[in-house]
Amino acid sequence: MLEGLRILLLEDEFLIAMDVELQCREHGAADVSTARTLYEVGDLAGFNAAILDIFVDGASTLDFADTLRGAGTPFVFASGHTDNVEIAMRFPDVTLVGKPYAGNDLVEALAIACGRVPAVSDADPAGAA
């Protein structure tokens, strides 16, 4: 699902970051670079996609998400803060995957954001014709 992608993972919890990196690599990601703070992110030119925790090291990542959107970089949010009204209003087209992640939910959400997997429409949840 993620074949060849270079993914930025913005996550400050070490064990979660390790697990997400492993999942991404198992699904074909070419590279996963983890940043634990916004200051560690660096240049966006090297990434095809991103996974963002909503808060890292006590700081909101929403302005950074705006930067990603402006650069045309697909991303998803991954957070324990799933009842965030600001996310729903500011980023209605971006998936928020709640922690703890179930199965491949996070990888599938990122694959959909990158156009690698078609999204199942609300009108046809089973994907039937």
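How each quantity is defined
- Residue positions are counted from 1 within each chain, in the order its sequence is given.
- Totals for whole chains, interfaces and linings use every residue, but because this is a predicted model, local features are given only for residues with pLDDT of at least 70 and side-chain atom pairs only at 80 or more, for both listing and counting.
- Water and hydrogen atoms were dropped before computing side-chain values, which therefore reflect all heavy atoms in the structure.
- By definition here, a salt bridge exists when the distance from a side-chain nitrogen of Lys or Arg to a carboxyl oxygen of Asp or Glu is within 4 Å.
- Runs of H or I in DSSP of at least four residues are treated as helices and runs of E of at least two as strands, each being numbered from the N terminus.
- Between rings of Phe, Tyr and Trp, where Trp is taken as its six-membered ring, a pair exists when centres lie within 6.5 Å; planes separated by under 30 degrees are stacked, by over 60 edge-to-face, and by other angles tilted.
- Partly exposed describes any residue whose relative accessible area lies between the buried limit of under 20% and the exposed limit of over 50%, with all areas from a 1.4 Å probe on protein chains only and scaled to the type maximum.
- For our purposes a nonpolar core is just a set of buried Ala, Val, Leu, Ile, Met, Phe, Trp, Tyr and Cys residues, chained together by side-chain atoms within 4.5 Å.
- Residues count as neighbours in contact if any of their non-hydrogen atoms are within 4.5 Å of one another.
- Strand pairing is assigned whenever DSSP identifies at least 2 bridges connecting the two strands.
- Between the N-to-C directions of two axes lies an angle of 0 to 180 degrees, each axis being a line fitted to C-alpha atoms and, for a helix, fitted only over the stretch in contact.
- Under this definition, polar contacts are N or O atom pairs within 3.5 Å; protein pairs additionally need one hydrogen-donor-capable and one acceptor-capable atom, and for neighbouring residues in sequence, both atoms have to be side-chain atoms.

A.B. asks: Give me the lowdown on the pattern of salt bridges, citing residues and values where you can.
C.D. replies: Two side chains bearing opposite charge may form a pair once their charged atoms approach each other closely. Applying the stated criterion across every chain yields a total of 8 salt bridges. The shortest N-O distance in the salt bridge between Asp93 and Arg69 comes to 3.2 Å. Remark: Arg69 occurs in helix α2 (residues 62-71) and Asp93 occurs in the loop between α3 (85-90) and β7 (96-98); sequence separation between them is 24 residues. Among the ionic pairs, Arg90 bridges to Glu86, the shortest N-O distance being 3.2 Å. Here Arg90 and its partner Glu86 are both found in helix α3, 4 residues apart, which amounts to about one turn of the helix. Counted as one network, the salt bridges with shared partners bring together Asp63, Asp66, Glu86 and Arg90.

A.B. asks: How would you sum up the packing of aromatic side chains? Please name residues and give values.
C.D. replies: The geometry of an aromatic ring pair is captured by the separation of the ring centres together with the interplanar angle, meaning the angle of the planes. Tallied over the entire structure, the rule returns 3 aromatic pairs. Look at Phe75 and Phe77: their rings are 5.5 Å apart centre to centre, the planes differ by 85°, and that puts the pair in the edge-to-face class. Phe77 matches Phe75 in its accessibility class, with the two residues each being buried. Ring pairing ties together the aromatic residues Phe75, Phe77 and Phe91, which thus form one cluster.

A.B. asks: Explain the nonpolar core residue by residue, including any values.
C.D. replies: Counting residues in each nonpolar core, the largest one holds 20 residues, and the members touching the most others are Leu2, Ile7, Val20, Cys24, Ile51, Leu106 and Leu110. For this core, the secondary-structure elements that each account for two or more residues are β1 (6-10), α1 (14-26), β3 (49-52), β6 (75-79) and α4 (105-113). Ile51 has contacts with Ile7, Leu8, Leu9, Leu10, Val20, Cys24, Val76, Ala78, Leu106 and Leu110, leaving out every residue within four places of it along the chain.

A.B. asks: How would you summarise the pairing of β3 if you had to cite specific residues and measurements?
C.D. replies: The two faces of β3 match: Ala49 and Ile51 on one face and Ala50 and Leu52 on the other face are all buried. Note that β3 and β6 share 3 bridges and pair parallel. Among the inter-strand pairings, Leu52 is bridged to a residue of β6, identified as Phe77.

A.B. asks: Go over the sheet that holds β7, please, and point to the residues and values.
C.D. replies: Spatial ordering of the open sheet is given by β2-β1-β3-β6-β7, a layout of 5 strands whose pairing is parallel. Where the open sheet ends on each side, the last strands, each with one partner, are β2 (31-35) and β7. Each adjacent strand pair in this sheet contributes to an overall mean axis angle of 20°, direction not counted. Each of β1, β2 and β3 is contacted by α1, which is oriented at about 165° to β2, the strand it contacts most.

A.B. asks: If you had to explain the side chain of Ser79 to someone new, which residues and values would you point to?
C.D. replies: As for its placement among the helices and strands, Ser79 is situated in strand β6. Looking at Ser79, its side chain comes within polar contact range of the side chain of Asp53, at 3.4 Å.

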